[in-house]
Amino acid sequence: MRNSEFGMRNWKRLGLLALLVACLLLTGCHGPVKKEAFSVPSALDESRTYEISFWAKTESNVTQANLYKDAIAAFEKLYPNIRVNLKLYTDYGRIYQDVITNIATNSTPNVCITYPDHIATYLTGNNCVVPLDALMADRNYGLAGSKVRFDGPSRREMIPQFLSECVLDGQQYALPYMRSTEVCYVNKTYVERLGYTLPEVLTWDFVWEVSEAALAKDENGRYLVNGQPTMIPFIYKSTDNMMIQLLRQMEAGYSTPGGEVLIFNDDTRSVLKTVAAHVKSGAFSTFKISSYPANWLNAGQCIFAVDSTAGSTWMGSEAPLIDIAEESMVDFETAVMMVPQVNPEQPQMISQGPSMCLFNKDDPQEVLASWLFMQYLLTNEVQIAYAGTEGYVPVTAKAQESAEYRDYLARRGEDNELHYAVKLDATELLIDHVADTFVTPVFNGSASLRDASGQMIEEVAKSVRRKKTIDDAYIDDLYAKMVNLYRLDQNETGEDAALRKDLGPLPGTAVALLAGLAAVWLGILVYAAAEQLKQRRRAGK
Amino acid sequence: MKKFVAMLLALLLMGCFAVAEEAPAAKVMTYAEYVAAELETEVVVDCYVQATQSWYYNSKVGSGVITVYAADKDGAYFLYEMICSEEDAARLVPGTKIRVTGYKGEWSGEVEIMDATFEFDTYVAEPVDVTAFLGTDELIGYQNQLAVFKGLTVEKIEYKNGEPGDDIYVTVSLNGASYDFCVERYLTGPETEVYATVGALNVGDVVDVTGFVYWYNGVNTHITAVTPAAK
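Given the structure is predicted, the values throughout are model-derived calculations rather than measurements. (Residues numbered from 1 in each chain as written. Chains lettered and ligands numbered in written order. Predicted model: local features only at pLDDT ≥ 70, side-chain atom pairs only at ≥ 80, totals over all residues. Heavy atoms only, no water.)

Turning our eyes to something else, we now look at the overall build of chain A. Scanning chain A for helices and strands turns up 21 helices and 16 strands. Taking the intrachain contacts of chain A between residues at least 6 apart in sequence as the baseline, contacts between residues at least 24 apart amount to 74%. With an accessible surface of roughly 24,100 Å², chain A has 52% of that area assigned to carbon and sulfur atoms. (Helix = DSSP H or I, 4+ residues; strand = E, 2+ residues; numbered from the N terminus. Contact = heavy atoms within 4.5 Å. Areas by Shrake-Rupley, 256 points an atom, 1.4 Å probe, with all protein chains shown as cover.)

This part takes up the interface of chain A and chain B. Taken together, the contacts link 23 residues of chain A with 15 residues of chain B. Taken together, both faces of the contact between chain A and chain B bury some 1,700 Å²; the carbon and sulfur share is 42%. For chain A, the biggest contributors to the area lost against chain B are Arg94(A), Gln97(A) and Arg466(A); these three give 32% of the whole. Where chain A touches chain B, the interface holds 6 salt bridges. (Buried area = accessible area lost by both parts, 1.4 Å probe. Salt bridge = Lys/Arg side-chain N within 4 Å of Asp/Glu carboxyl O.)

Moving on: the pattern of salt bridges. The full count for this structure, using the stated rule, is 31 salt bridges over all chains. Among the ionic pairs, Glu333(A) bridges to Lys188(A), the shortest N-O distance being 3.6 Å. Highlighted residues: Glu333(A) in the loop between β11 (304-308) and β12 (334-338) and Lys188(A) in helix α7 (residues 188-193), separated in sequence by 145 residues. Across the salt bridge formed by Asp115(B) and Lys462(A), the nearest N and O atoms sit 2.8 Å from each other. Here Asp115(B), found in strand β6 (residues 110-120), pairs with Lys462(A), found in helix α18 (residues 446-465), and the two come from separate chains. On the basis of relative accessible area, Lys462(A) is assigned to the buried category, the value being 14%. (Buried < 20%, exposed > 50% of the residue type's maximum accessible area, 1.4 Å probe, protein only.)

Moving on to the layout of surface pockets. A volume near 810 Å³ is recorded for the second largest pocket. Lining the second largest pocket are 35 residues, and of these Ile232(A), Ser285(A), Ile289(A), Ser290(A) and Arg465(A) sit closest to its centre. Elements that contribute at least two residues to the lining of the second largest pocket include exactly α10 (266-281), β10 (284-286), α11 (287-290), α12 (293-298) and α18 of chain A together with β5 (97-107) of chain B. Broken down by element, the lining of the second largest pocket gets its largest block of residues, 5 residues, from α10(A). Looking at the lining of the second largest pocket residue by residue, the class counts come to 16 nonpolar, 13 polar and 6 charged. (1 Å grid on protein atoms, 1.4 Å probe; cavity = no way out; pocket = protein on both sides within 12 Å on 5 of 7 lines; lining within 4 Å. Points joined across faces, edges and corners; volume = space filled by probe spheres on them. Nonpolar A, V, L, I, M, F, W, Y, C, P; charged D, E, K, R; others polar.)

Moving on: the packing of helix α9 (residues 239-249) of chain A against α10(A). Residue and element names in this part refer to chain A. Across the interface, α9 lies against α10 with an axial gap of 10 Å and an inter-helix angle of 125 degrees. With respect to α10, the axis of α9 lies oblique. Handedness of the crossing formed by α9 with α10: right-handed. The segment α9 lies against α10, with Met 242, Met 243, Leu 246 and Leu 247 engaging Asp 267, Thr 268, Val 271, Leu 272 and Val 275. (Axes fitted to C-alpha atoms, helices over the stretch in contact; angles between N-to-C directions. Parallel < 35°, antiparallel > 145°, perpendicular 65-115°, else oblique. Left-handed = near helix turned anticlockwise from the far one by under 90°.)

Domains assigned within chain B are domain 1 (25-120) and domain 2 (128-228). Using only C-alpha atoms to locate each centre, domain 1 of chain B and domain 2 of chain B end up separated by 43 Å. (Domains from an automatic or database assignment.)

Moving on, we come to the packing of aromatic side chains. Scanning all chains against the criterion turns up 38 aromatic pairs over all chains. Residues Phe150(A) and Tyr376(A) carry aromatic rings whose centres are separated by 5.1 Å and whose planes lie at 80 degrees to one another, so their mutual orientation is edge-to-face. Linking Phe150(A) in the loop between α5 (133-137) and α6 (160-164) with Tyr376(A) in helix α13 (residues 364-376), this pair joins segments that are 226 residues apart in sequence. Judged by relative accessible area, which is 11%, Phe150(A) ranks as buried. Their ring planes at 75 degrees and their centres at 5.4 Å tell us that Tyr31(B) and Tyr77(B) sit as a pair that is edge-to-face. One end of the pair, Tyr31(B), is in helix α2 (residues 31-36); the other, Tyr77(B), is in strand β4 (residues 75-83), with 46 residues separating them in the sequence. With a relative accessible area of 4%, Tyr77(B) lands in the buried category. Members of the aromatic cluster, connected to one another through ring pairs, are Phe54(A), Tyr68(A), Phe75(A), Tyr79(A), Phe150(A), Tyr177(A), Phe373(A), Tyr376(A), Tyr386(A) and Tyr392(A). Sitting above the plane of the Tyr56(B) ring, Arg94(A) keeps its charged end 3.6 Å from the centroid. Directly above the ring of Phe287(A) sits Lys237(A), whose terminal nitrogen or CZ lies 5.2 Å from the centroid. (Phe/Tyr/Trp six-rings, centres within 6.5 Å; stacked < 30°, edge-to-face > 60°. Lys NZ or Arg CZ within 6 Å of the ring centre and 35° of its normal.)

A word on the pairing of strand β14 (residues 355-358) of chain A. The two faces of the sheet receive side chains in turn, since in a regular strand these alternate between them. Residue and element names in this part refer to chain A. Neither face of β14 is exposed, since Ser 355 and Cys 357 on one face and Met 356 and Leu 358 on the opposite face are all buried. Both strand β3 (residues 111-114) and β14 contribute to a ladder of 4 bridges, which runs antiparallel. Residue pairing across strands places Cys 112 opposite Cys 357, the latter belonging to β14. With 2 bridges connecting them, strand β6 (residues 175-176) and β14 associate as antiparallel partners. Along β14, the bridge assignment pairs Pro 176 with Ser 355. (Pairing = 2+ DSSP bridges.)

Here the focus is the environment of Arg536(A). Here Arg536(A) is to be found in helix α21 (residues 508-540). Sequence separation of Arg536(A) and Ala73(A) is 463 residues, and the distance between their C-alpha atoms is 77 Å.

Bringing α9(A) into the picture now. Since the α-helix turns once every 3.6 residues, residues separated by three or four places project in the same direction. Within α9(A), 10 of the 11 residues are buried, which leaves the element mostly enclosed by the surrounding structure. If you check which residues of α9(A) are buried, you get Thr239(A), Asp240(A), Asn241(A), Met242(A), Met243(A), Ile244(A), Gln245(A), Leu246(A), Leu247(A) and Gln249(A).

Attention now goes to the sheet that holds strand β8 (residues 182-187) of chain A. Residues and elements named next belong to chain A. Strand order across the open sheet formed by 5 strands is β10-β9-β11-β8-β12, with mixed pairing between neighbours. Because the sheet does not close on itself, it has two edges, and the strands there are β10 and β12. Looking at each pair of strands side by side, their axes are set apart by 25 degrees on average, direction ignored. Strand contacts of α9: β8, β9 (234-236) and β10, with the helix running at about 100 degrees to β9, the strand carrying the most contacts.

With that settled, the discussion passes to the sheet that holds β14(A). Residues and elements named next belong to chain A. As summarised here, the arrangement of the 5 strands in space is β2-β1-β3-β14-β6, forming an open sheet in which the pairing is mixed. Of all strands in the sheet, those with a lone pairing partner are β2 (82-89) and β6, marking the two edges. Both strand β1 (residues 50-57) and β3 contribute to a ladder of 2 bridges, which runs parallel. Across the sheet, residue Trp 55 finds its bridge partner in β3, namely Cys 112. Most of the contacts of helix α2 (residues 62-78) go to β2, to which it runs at about 170 degrees, and overall it touches β1, β2 and β3. In this fold helix α3 (residues 92-104) packs onto β1, β2 and β3, with an angle of close to 140 degrees to the strand it touches most, β1.

Right, let's get into the state of the cysteines. Note: disulfide means a covalent bond formed between the sulfur atoms of two cysteine side chains. Residues and elements named next belong to chain B. Under the criterion given, the structure shown has 0 disulfides over all chains. Cys 84 provides the cysteine sulfur closest to Cys 47, a residue in no disulfide bond, and the two sulfurs are 13 Å apart. Look at Cys 47 and you get buried, because its relative accessible area is 0%. (Disulfide = S-S within 2.5 Å.)

This brings us to the side chain of Glu459(A). Relative to the helices and strands, Glu459(A) is located in helix α18. With relative accessibility at 13%, the residue Glu459(A) sits in the buried group.

Okay, here's the thing in structure tokens:
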């Protein structure tokens, strides 16, 4: 009898334990699906057809969109059994959010243009992003592999610095696609009209001084330098980059390689106070507040416009792409210079530009097909053509050193289209200063830190315009707000939260499965209860 | 010492209230007032959604955002990347009235409301006690309002067509006068609690009746709730 009772208790305990385990397992079901790690197939199965998706970004530049389409057509000619579906975006942020959403639903693209900061977040979906080391080294299908049907670059022909920017946790999780940096497009005519001479390297002190000088007005309220009622002497497109580069140049804290956040320091505080002072005077504004720097520069209403080299075709009196009425354009000489520096002897500028990552799929053959397409985007045909659409630099030495590319650079100023002088000046500036570029540490949460760095400048600028006082108390509050908003005091970043937040309702199949499991457990419990009742009755007799 | 600490705390508390009172809710502006407002000043407007751009999670602001084209009868507004949850975004259908608080800004010539938050502009009426007006000419002044009549005595309960399923006619009395009320099946049908409650009333029950002061050749309140009269 005792043994029998003991056995019943054990059954109950086991049942409860099983129920608990089931509950724990089920709560973990609806998240990013954990995939098997990818391993390179020995051969591409060419008896099959593959349909892969490629998400890319263009700069509102139809030439870039057409170039992607041309590249896909050329690739599909080489690989008739691989079909590439292109989805174009005009904003990296939207790609990022869409990828995050699609990780949760297991519907990521195959190949995606992205930034390493973003990949660090994608990696939170286990085995979601394919590490490329094995693929790159594969004798048959790797870089310049024997079975690759196009003349792509070998590993040695990739620019090492650009390649290293895509290494996360010791693994190559992306390949660079294009590289750019920020430059300052200067209205040299106005600088000289104000009585200044451009130095060889712009300094922050010089830019602030000239910007303040440009605010002088005549008795009718028109600015002396341009004779117009409007002038914002200094406009910065990416305030993220502004803060990051300033802190780097000041040798101030930003983050450690491991992800410790150091940005909330006194150097940042001094940057914010400087920004506040120049917003208050009217000498400085940002893209978010005042729109594209190029439009103001071209209208003669801005003197220092900081933007990417990838925005160079919009800059200057003869710009091939314009976004304002032609009658608003003014004539001036454009100088393309490094972004302002703290120490002109040791210039530092950010390395940026799109990279490519490969998403894992259940079918390794599909991944291999995607990898071939990704690799195709590194061929000279694509690299040189795409670099020519803006002030981009090819990421392979194979392209940079090719006769075709050298000829392209040598023809600076021959026309205002492909050989537009400002664009080629911006391109050459990066090529000449690759050694002066840097990237920020990449970790899960680095995208949030980047967001916070720019947002602080934006918040200060907006607050000044809204007549708020920027003092230490304000900045203390701002720091706390940023920490909270971007979860910079936690391992869990804003993106992680979004990843879970955007999971959406459970799919119908999952609901059915859960309902089925619940029904089974209910049945077990009812059966166990009935058995117990029977035993009690028997014992009572 | 205890008294001193208590007084100090009381003063602090009063100070808190005083500070809170210094920041009254911003006044809702007319379109003309909005147009006249300076750039970079806070604005509050009531408007109706006309169309929306797609909602998305903006990691820069750490929230979902949606851009809305809105209007009132006098003019229109562009609500740029207004903070909005995905659930609320689904409710921003054309015609929806919202109250928006943000800053008036300009971007490339586009005057817009930025850094905005919003709330759905809803109003749910509280019932007005009109017991004292029952049987007077003043009651019609409350026509269509949600009202409560207290201490009514049930005189008769009658189903239209003789059985449950259709309207219920309710005769109640107060101070010797009788009044006809109604459970309107298209407002509160047989599946509702009030329908069952009224169906179970007995002659002589004293109840408080809530409903809309409908008129059908005289007061004929459409009942929404019945509770035993408070003693």
